[in-house]
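# Structural characterization, general
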Amino acid sequence: MAAESYFFSVSKSLDILIIERSWEWAKENHIKEIDELFPDATSYYKRNQLLVREEEHRQYYAHMKNYLENISTLPYQIIQPKLGESVLDYILV
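Described in the following lines is the structure provided in the data block. Note on numbering: residues in each chain are counted from 1, in written sequence order. The predicted origin of the model limits local features to residues at a pLDDT of at least 70 and limits the giving and counting of side-chain atom pairs to 80 or more, whereas totals for whole chains, interfaces and linings rest on all residues. Hydrogens are left out, water is left out, and the side-chain values use all remaining heavy atoms of the structure.

### Section: the packing of aromatic side chains
For any pair of aromatic rings, geometry is given as the distance between the ring centres together with the angle between the planes. Ring pairs shown here join Phe, Tyr and Trp side chains whose ring centres sit within 6.5 Å, with only the six-membered ring taken for Trp; geometry is labelled stacked below 30 degrees between planes, edge-to-face above 60, and tilted in between. Tallying each qualifying case throughout the model produces two aromatic pairs. The interplanar angle of 75 degrees and the centroid separation of 5.2 Å between the aromatic rings of phenylalanine 38 and tyrosine 45 together place this pair among those described as edge-to-face. On the accessibility criterion, tyrosine 45 (33% relative accessible area) is partly exposed. Look at tyrosine 60 and tyrosine 61: their rings are 5.2 Å apart centre to centre, the planes differ by 75 degrees, and that puts the pair in the edge-to-face class. Look at tyrosine 60 and you get partly exposed, because its relative accessible area is 45%. Its guanidinium or amino end placed over the ring of tryptophan 25, arginine 21 lies 4.3 Å from that ring's centre, counting from NZ or CZ. The rule is simple: take the accessible area with a 1.4 Å probe, protein chains only, and divide by the maximum for that residue type; under 20% is buried, over 50% is exposed, in between is partly exposed. Note on criteria: charge over ring means Lys NZ or Arg CZ within 6 Å of the ring centre, with the direction from the centre no more than 35 degrees off the ring normal.

What follows is the structure, given as structure tokens:
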């Protein structure tokens, strides 16, 4: 028995919530982290690190959507709050 089938049979309230943040929302945090991790790095190196992280961000959400749509049997919801919006505005409806 697959783990998902087991968990679903045990709990009918098992729902998956994905909070999909835009790259624009996440970008500033990555810039700060790169600056802290590599304070003496060149602008070229920091830009490349940022581009790698942007691609990783996009691939992560693409993978999660594919998994939930095509593999998982669990119910799910994907929300995409805009900049300045609270996640609670979406889930406390």
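### So, the packing of helix α2 (residues 23–37) against helix α3 (residues 43–70)
For any two helices packed against each other, one specifies the crossing angle of their axes together with the interaxial distance. Angular values range over 0 to 180 degrees, each being the angle between N-to-C directions of two axes fitted as lines to C-alpha atoms, with helices fitted over their stretch in contact. Helix numbers and strand numbers start at the N terminus; a helix is a DSSP run of H or I with at least 4 residues, a strand a run of E with at least 2. It is the contact of α2 with α3, at a shortest axis distance of 10 Å, that shows an interaxial angle of 140 degrees. One element, α2, and the other, α3, form an angle in the oblique class. When you trace α2 past α3, the crossing you get is right-handed. In contact with Trp23, Ala26, Lys27, His30, Ile31, Glu33, Ile34, Asp35 and Leu37 of α2, α3 contributes Lys46, Gln49, Leu50, Arg53, Glu54, His57 and Arg58. Gly counts as polar in this scheme, as do all residues outside two lists: the nonpolar Ala, Val, Leu, Ile, Met, Phe, Trp, Tyr, Cys and Pro, and the charged Asp, Glu, Lys and Arg. Among the residues forming the contact of α2 with α3, the class breakdown is six nonpolar, three polar and seven charged. Roughly parallel means an angle under 35 degrees; roughly antiparallel means over 145; roughly perpendicular covers 65 to 115; every other angle is labelled oblique. Here a crossing is called left-handed whenever its near helix is offset anticlockwise from the far helix by less than a right angle, and right-handed whenever the offset is clockwise. Every residue pair with non-hydrogen atoms within 4.5 Å of one another is taken to be in contact.

### Some words on α2
Because each turn of an α-helix spans 3.6 residues, side chains separated by three or four positions end up pointing in the same direction. End to end, α2 covers 20 Å across 15 residues, agreeing with the expected 21 Å (1.5 Å per residue, within 8%). Of all the residues in α2, the buried ones are Trp23, Ala26 and Ile34. Looking at the buried positions of α2, the neighbouring elements they touch are α3. A helix is expected to reach a length of 1.5 Å times the quantity of its residues less one.

### Considerations on α3
The terminal C-alpha atoms of α3, which comprises 28 residues, lie 40 Å apart, in line with the 40 Å expected from a rise of 1.5 Å per residue. The inward-facing, buried residues of α3 abut β1 (16–19), α2 and β2 (76–79).

### Overview of the side chain of serine 72
Mapped onto the secondary structure, serine 72 falls in the loop between α3 and β2. Taking the relative accessible area as the measure of exposure, serine 72 reaches 12% and is therefore buried. Within the structure, the side chain of serine 72 is placed 3.0 Å from the backbone nitrogen of leucine 74, a separation counted as a polar contact. Each polar contact in these results corresponds to two N or O atoms within 3.5 Å; when the atoms are within protein, one needs to be able to donate a hydrogen and the other to accept it, and residues that are neighboring in sequence are counted only if both atoms are side-chain atoms.

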